[in-house]
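Given next are the chains, with one letter for each unit.
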Amino acid sequence: QVQLVESGGGLVQAGGSLRLSCAASGRTSSRYPMGWFRQAPGKEREFVAAISRSGGSTYHVDSVKGRFAISRDNAKNTVYLQMNSLKPEDTAVYYCAADSRGSTWKSRDYEYDYWGQGTQVTVSS
């Protein structure tokens, strides 16, 4: 079993920054590819970013490229999502996820088998 706990969400003005953290615990959690997803009210959950087990490979969806950056510290079993130049359309509940069956990053939510409870990010205009 892997437990994931997100933190770092909050209310920020447009143009501001937040850093989300996802602390993982449990069996070999630091060896898993990890991803960040988000879900806005009335919308489907969407992929945001993902990172390989080592952190050497990352991917960001086009809408956040150049503004968001995923990273990980395997010694701390933590994955981060640095979010800069935030826009009102970034408002959503952000979830981290772990893929215990893969070796590289994935972009589809059904490919992840462990999920955190989510953290709310609200960007005011």
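Nothing here was measured: the structure is a model prediction, and the numbers come from that model.

A. Looking closely at the packing of aromatic side chains. Summed over all chains, the structure comprises six aromatic pairs. Ring centres of Phe 37 and Tyr 112 lie 5.4 Å apart, and the angle between their planes is 80 degrees; on these two criteria the pair is classed as edge-to-face. One end of the pair, Phe 37, is in strand S4 (residues 34-39); the other, Tyr 112, is in the loop between strand S9 (92-98) and strand S10 (114-115), and 75 residues separate them in sequence. Using a relative accessible area of 4% as the deciding quantity, one classes Tyr 112 as buried. Look at Tyr 59 and Trp 105: their rings are 4.8 Å apart centre to centre, the planes differ by 10 degrees, and that puts the pair in the stacked class.

B. Up close: the environment of Ala 97. One can find Ala 97 in strand S9. Considering only alpha carbons, one finds Ala 97 and Gln 13, 84 residues apart in sequence, at a separation of 26 Å. In this structure Ala 97 touches Leu 4, Pro 33, Met 34, Gly 35, Phe 37, Tyr 112, Tyr 114 and Trp 115, once residues within four positions along its chain are discounted.

How each quantity is defined
- Residues numbered from 1 in each chain as written.
- Predicted model: local features only at pLDDT ≥ 70, side-chain atom pairs only at ≥ 80, totals over all residues.
- Heavy atoms only, no water.
- Phe/Tyr/Trp six-rings, centres within 6.5 Å; stacked < 30°, edge-to-face > 60°.
- Helix = DSSP H or I, 4+ residues; strand = E, 2+ residues; numbered from the N terminus.
- Buried < 20%, exposed > 50% of the residue type's maximum accessible area, 1.4 Å probe, protein only.
- Contact = heavy atoms within 4.5 Å.

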